[in-house]
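What follows is the residue order along each chain.
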Amino acid sequence: MAPPPRSPPPAPRWPLRGGRRLGAALAALGAAAAAAAVAAAAATAAADGVGFPLPSTRSASPTGDLVLAVVLARHGDRAPNLSAPSYASGSRSALEHLRPLPIDTTQWPSGYGQLTPQGLAQCVAFGRTLRKRYVKPPNGTAPLLSATYHHGETHVRATDVDRALTSASAIAMGLYGTTTGGGVPVHTVEYARDALLDGSSRSHCPAFASAADAVYDTELVAGAIRRSRGLLAALPALTGTPEKKVTAMTTPELVGLITGLRDLRVCQRAHGVVVPDEVSRWDRTLEDVTARVTIAKWDVPGLGGLVGGRLLRATARRVRVGVAAVAGVAWATARSGLGGECNALGHDADESGECPRRLTLYVAHDTTIFDVRAALGLPVAVERGAYVSHVIIELRAAVAGNGSAVPVGPDGRGGGGAGDAAGAAATGSPAGTGGAPINASLDSYTVTVLTGVNESSTTPEGGPFCGGASTCSAADFVKWIDSHVPANVATACGLSAAAASEEPGAASAAAADGGGGGSGKKPTTDPLAGAATGGGSGVGWGRGVGVIATALAAFGGGVAVGFWAHARRSHPGYTVIED
């Protein structure tokens with residue numbers, strides 16, 4: 001269906017027609033080689049989503065036309081975040097921990113943490129991959145997006161960090177080209193308040209931070225660091241931190257020092273910086289510690305719904321409003337008009353996911369990727385958060401039992417009896433739909449989850465959200481979110497009700513989740529139906545988080561150790577520290 005006219009260009013019409021190894025492999029490349037690898041990856045990354053495995057309980061097919069897509073991506077290659085080590089600029093034994101040193105402007109002229117030219121190229125290449133998927137899809141598939149940017153189609157949101165903002169703009173350039181891609185607005189909020197894309201930070205989820213602190217002191221992390229005597233002895237010289245200060249550090253402080261050094265080494269390898277052997281000899285140990293920390297924090301069962309829950313809740317809302325917009329439900333179509341709330345001056349942020357958009361692009365950090373993977377029940381490992389790694393959630397119209405697409409009328413709605421105005425007036429449904437919105441049910445749509453990094457094709461990845469498959473009905477997907485994500489993530493994370501209400505988009509999200517979802521039904525208390533109608537309940541979350549914290553304290557992180565034992569089978573390079 002078409003929202004009220006917007007000119008120029010014409011307003012978009014929602015389509016419904018026929019039709020573990022660490023990213024060190026990339027980091028080890030020089031800039032030219034990396035650019036070539038990115039170009040090669042971009043040339044083959046336009047998979048059209050046909051043939052994904054389906055859960056046995058559903059007959060839905062992912063071959064219908066795209067209705068919307070939500071894309072979360074990490075920024076591209078960047079400069080080191082903190083400081084150069086002592087060996088780069090002579091003796092620094094008197095310096096305090098993590099005091100910035102003069103950066104090597106030959107390799108990173110823009111400064112600490114900034115996007116590099118290599119990172120810019122990676123993001124443009126990823127944008128071109130999205131263009132091949134959504135603007136110029138193969139095999140005659142109906143495109144999701146217009147050839148040029150339109151406000152009613154695309155929404156871009158990044159964290160308020162230079163490298164994320166620049167990466168978002170570069171992806172938009174690849175998506176729409178230099179003519180209009182440079183004019184795509186990138187929305188953001190103050191980083192300290194960005195609970196949506198920084199869900200695992202201590203300020204946004206104290207419960208997760210407490211669980212992570214408990215895991216730090218287990219044998220998995222603290223024990224491994226203690227056994228790395230050679231690295232501990234070398235840290236003062238490697239980082240410029242006084243030996244007494246290193247000796248007195250707590251485990252979280254040591255983790256910060258070690259992972260900070262590892263971050264620098266990743267950046268140096270990516271840019272071919274030659275270092276002495278006494279520095280590079282510790283690379284594998286640094287990777288081992290970092291892998292343990294990542295698994296310990298994010299692979300603990302039950303915590304994913306906290307750290308990535310806000311983003312999944314917003315995605316569920318986008319699915320509901322997308323279905324409602326296609327069906328022509330009044331509350332959804334009214335939002336997208338020129339005078340609608342989604343286009344009102346100063347109301348473009350759409351933090352809660354209530355505006356009809358065909359593409360929502362989030363650009364953030366590796367921790368955001370980990371948050372969402374954990375929330376979806378997918379494996380979390382360091383290489384899953386490599387530069388321009390991404391998670392994509394696509395909503396498609398289901399295909400009818402005879403293999404044809406669900407029919408639509410010329411206005412983008414299902415073809416009901418002509419002139420059925422009486423039925424429409426009685427039900428509030430669009431005229432011409434037989435008195436009921438066509439395809440307003442989430443069962444008439446499928447959701448597919450795809451993942452990847454910039455150096456490989458985007459591919460479907462199955463998980464518990466679809467019963468082990470990558471594709472399932474939209475109804476099943478939002479029901480799973482409702483049963484695995486707290487209704488109020490902020491309070492489940494340990495924030496006060498007052499603090500939760502101050503999060504960007506909290507008020508509109510609460511209003512949406514209190515009633516009025518994509519199905520047009522009244523709110524429900526059924527935990528499996530809540531997300532489909534907007535009334536999610538988040539089953540047992542207050543109790544569940546307490547049980548997890550208690551278990552971590554009682555068993556010394558045995559859960560995380562078990563995950564490490566499983567992970568090391570596919571990560572032999574990380575196990576240089578004896579367990």
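All residue numbers refer to position in the chain's written sequence, counted from 1. Totals for whole chains, interfaces and linings use all residues, but because this is a predicted model, local features are given only for residues with pLDDT of at least 70 and pairs of side-chain atoms are given and counted only at 80 or more. Calculated side-chain values reflect all of the structure's heavy atoms, with hydrogen atoms and water omitted.

Caption draft 1: The packing of helix α6 (residues 219-227) against helix α9 (residues 251-270), seen in detail. Where helices are involved, their axes are fitted lines through C-alpha atoms of the stretch in contact, as for all axes, and angles between N-to-C directions lie from 0 to 180°. Each helix is a run of H or I in the DSSP string that is no shorter than four residues. Each strand is a run of E no shorter than two, and both are numbered from the N terminus. Across the interface, α6 lies against α9 with an axial gap of 11 Å and an inter-helix angle of 70 degrees. When the interaxial angle is binned, α6 and α9 end up roughly perpendicular. In this structure, the crossing between α6 and α9 has a hand that is left-handed. Contact residues: Val221, Ala222 and Ile225 in α6; Thr251, Leu254, Val255 and Ile258 in α9. Note that Gly is not counted as nonpolar here; it falls among the polar residues with everything else outside the nonpolar set of Ala, Val, Leu, Ile, Met, Phe, Trp, Tyr, Cys and Pro and the charged set of Asp, Glu, Lys and Arg. Class assignment for the residues of the contact of α6 with α9 results in six nonpolar, one polar and no charged. With respect to orientation, any angle under 35 degrees is reported as roughly parallel, any angle over 145 as roughly antiparallel, any angle of 65 to 115 as roughly perpendicular, and every other angle as oblique. A clockwise turn of the near helix away from the far one marks a right-handed crossing, whereas an anticlockwise turn of less than a right angle marks a left-handed crossing. We call two residues in contact whenever any of their non-hydrogen atoms come within 4.5 Å of each other.

Caption draft 2: Structural context of the side chain of histidine 155. Relative to the helices and strands, histidine 155 is located in strand β2 (residues 154-158). When accessible area is computed with a 1.4 Å probe and restricted to protein chains, residues below 20% of their type maximum are described as buried, those above 50% as exposed, and intermediate ones as partly exposed. Accessibility expressed as a relative area gives 3% for histidine 155, which makes it buried.

Caption draft 3: Just the packing of aromatic side chains, in detail. Only rings of Phe, Tyr and Trp enter the pairing, Trp through its six-membered ring, and a pair is recorded when the two centres are within 6.5 Å. The plane angle decides the type: under 30 degrees is stacked, over 60 is edge-to-face, the rest tilted. If you walk through the whole model with that rule in mind, you get five aromatic pairs. Ring geometry for phenylalanine 465 and phenylalanine 477: centres 6.2 Å apart, planes at 80 degrees, overall edge-to-face. Of this pair, phenylalanine 465 sits in the loop between β6 (459-460) and β7 (471-473) while phenylalanine 477 sits in helix α17 (residues 474-484), and the two are twelve residues apart along the sequence. Accessibility classification places phenylalanine 465 together with phenylalanine 477 in one group, the buried group. Ring pairing ties together the aromatic residues Phe208, Trp298 and Phe370, which thus form one cluster.

Caption draft 4: Up close: the pattern of salt bridges. Any carboxyl oxygen of Asp or Glu within 4 Å of a side-chain nitrogen of Lys or Arg constitutes a salt bridge here. Applying the stated criterion to the full structure yields 19 salt bridges. Here arginine 227 ties to glutamate 219 by a salt bridge, and the two come within 3.0 Å at their closest N and O atoms. Using a relative accessible area of 30% as the deciding quantity, one classes arginine 227 as partly exposed. Here glutamate 503 ties to arginine 310 by a salt bridge, and the two come within 2.8 Å at their closest N and O atoms. Remark: arginine 310 occurs in helix α13 (residues 309-327) and glutamate 503 occurs in the loop between α19 (497-501) and α20 (506-513); sequence separation between them is 193 residues. For arginine 310, a relative accessible area of 9% gives the class buried. Put simply, Arg262, Arg265, Arg269, Asp283 and Glu287 are held in one network by salt bridges that share partners.

Caption draft 5: Seen up close, the side chain of threonine 154. Counting through the fold element by element, threonine 154 comes out in strand β2. Residues adjacent in sequence count toward polar contacts only when both atoms are side-chain atoms; beyond that, a polar contact is any pair of N or O atoms within 3.5 Å, and within protein one must be able to donate a hydrogen and the other to accept it. Reaching out from threonine 154, the side chain makes a polar contact with the side chain of tyrosine 176 at a distance of 2.5 Å.

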